[in-house]
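Chain by chain, the residues run as shown.
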Amino acid sequence: MDKRKKVIFSGIKPSGDLTLGNYIGAIKNWVKLQDDYECLYCVVDLHAITVRQEPKELRQRTLEVLAIYIASGIDPQKSTLFIQSHVPAHSEGGWLLNCYTYMGELSRMTQYKDKAQRYGDSISAGLFNYPVLMAADILIYNTDLVPVGKDQKQHVELARDIANRFNNLYSPTFTIPEPYIATTGQKIMDLQDPSKKMSKSDENPNGYILIMDPPEVIRKKINRAVTDSVGEVHYSDEQPGVKNLMNILISLSGTTAEEIEKKYAGKGYAEFKKDVADAIIAELEPIQKRVKEILADKDYLESVYKAGAEKAQYMALKTLRKMQKKIGFIPPAK
Ligand code: TRP
């Protein structure tokens, strides 16, 4: 392991099928970071169970997310790919950090507040403590940078606060992590309501494109994507639907907004939409094919997550032992 490389940690919950938003906003960027950083990419199944999961689906999705990471170009030789529950230090570290986190802090998390509003009293304590587990994910690897979307920035800031608190109370233990908001790769919005983020938990499947959606479904969803009555392809906040489709095209084909505006000047939306769909299909089809191959090769997949968990466990245990010692726990007898 190269000591000079900064550590990156990120993860996606296997709680729903991954969308084009996950791909463009996260995975596609993760791929680019592999050569310059020590990267750990995790399937965060412990986070997924903060809302009820069907066991069979959870198992399938966990493996599918891992296969999508690999098929998208995350190289298990370069990056550490693993399943969160395989490294018990996440749960254990999470418990310890719970005792250094205030109820007040967790009550102020906007994601929690949104969910609490939606689910009322039937919200699990796990959902309340979710950011503490996320802090453990980050801190036990002495992570420098955490690539996340804007909506997760507050959680990374909480991880920083917890780390500083622990460091000040005892002695320097954790690296203070920073959120890493990628400059390339846009936030992809809902196709039916471009004021909100494209999300796998949306009730309306026309609002999102799944990484595993077949080409004809992708075409249909892009055709139905909400635009406006302006009828001109412009990159403008006044045309959020069109802007979102342009962002998809920019992220996937590397063109600029100006080039796109020029190309479709005076042409309405039909050809533009067709090209957006083509670009998505061109990107996703080979990935889908790889995902299916990888999922069919259980031995390979197992070898990846086994090696990943071993490496992650080795790194995490070092930090966990430090935490336990500083807190005042008796080391287990040898
Ligand atoms: N909470 C993140 C999300 O919903 C997922 C996540 C869990 C994560 N642990 C993490 C992201 C640690 C970055 C680092 O997107």
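Structure first, text after, so check above.
Calculation rules
- Residues numbered from 1 in each chain as written.
- Predicted model: local features only at pLDDT ≥ 70, side-chain atom pairs only at ≥ 80, totals over all residues.
- Heavy atoms only, no water.
- 1 Å grid on protein atoms, 1.4 Å probe; cavity = no way out; pocket = protein on both sides within 12 Å on 5 of 7 lines; lining within 4 Å.
- Points joined across faces, edges and corners; volume = space filled by probe spheres on them.
- Helix = DSSP H or I, 4+ residues; strand = E, 2+ residues; numbered from the N terminus.
- Phe/Tyr/Trp six-rings, centres within 6.5 Å; stacked < 30°, edge-to-face > 60°.
- Buried < 20%, exposed > 50% of the residue type's maximum accessible area, 1.4 Å probe, protein only.
- Lys NZ or Arg CZ within 6 Å of the ring centre and 35° of its normal.
- Near = heavy atom within 4 Å.
- Polar contact = N/O pair within 3.5 Å; in protein donor to acceptor, adjacent residues only side chain to side chain.
- Areas by Shrake-Rupley, 256 points an atom, 1.4 Å probe, with all protein chains shown as cover.
- Nonpolar A, V, L, I, M, F, W, Y, C, P; charged D, E, K, R; others polar.

Trainee: Quick question: what am I supposed to make of empty space enclosed by the protein here?
Mentor: If a probe the size of a water molecule is rolled over the atoms, the empty space left behind becomes visible. For the structure on display, the rule yields one cavity of 30 Å³ or more. Computed from the structure, the largest cavity encloses a volume of approximately 70 Å³. Surrounding the largest cavity, Met109, Gln111, Tyr112, Lys115, Leu127, Tyr130, Pro131 and His155 form its lining. Broken down by secondary-structure element, the contributors of at least two residues to the lining of the largest cavity are helix 6 (110–119) and helix 7 (125–139).

Trainee: Please clarify how the packing of aromatic side chains should be interpreted in this entry.
Mentor: Describing an aromatic ring pair means giving the distance of the ring centres and the angle of the ring planes. Using the criterion set out here, one finds 12 aromatic pairs in the structure. Seen from their ring centres, Phe166 and Tyr170 are 4.8 Å apart, and the 50° between their planes marks the pair as tilted. Considering the side-chain rings of Phe166 and Phe174, the 5.2 Å spacing of their centres and the 55° angle between planes classify their relative orientation as tilted. Judged on exposure class, the residue Phe166 and its partner Phe174 are both buried. Through a chain of ring-to-ring contacts, three or more aromatic side chains come together here, namely Tyr100, Phe166, Tyr170 and Phe174. If you follow Lys243 out to its NZ or CZ, it ends over the ring of Tyr235, 5.2 Å from the centre.

Trainee: Which parts of the structure should I look at to understand the site of the ligand?
Mentor: Within the structure, the ligand sits among 13 residues, and Lys13, Tyr130, Met134, Asp137 and Gln152 are positioned closest to it. A distance of 2.7 Å separates a nitrogen atom of the ligand from a polar side-chain atom of Tyr130. Within the side chain of Gln152, a nitrogen or oxygen atom sits 2.9 Å from a nitrogen atom of the ligand. A total of 360 Å² of accessible area belongs to the ligand in isolation, and the protein chains cover 90% of it. Of all the elements in the fold, those that place two or more residues in the shell around the ligand are strand 1 (7–12) and helix 7. Per element, the largest residue contribution to the shell around the ligand is four residues, and it comes from helix 7. Looking at the shell around the ligand, its residues break down into seven nonpolar, four polar and two charged.

On their own, these measurements won't tell you what the molecule is for.
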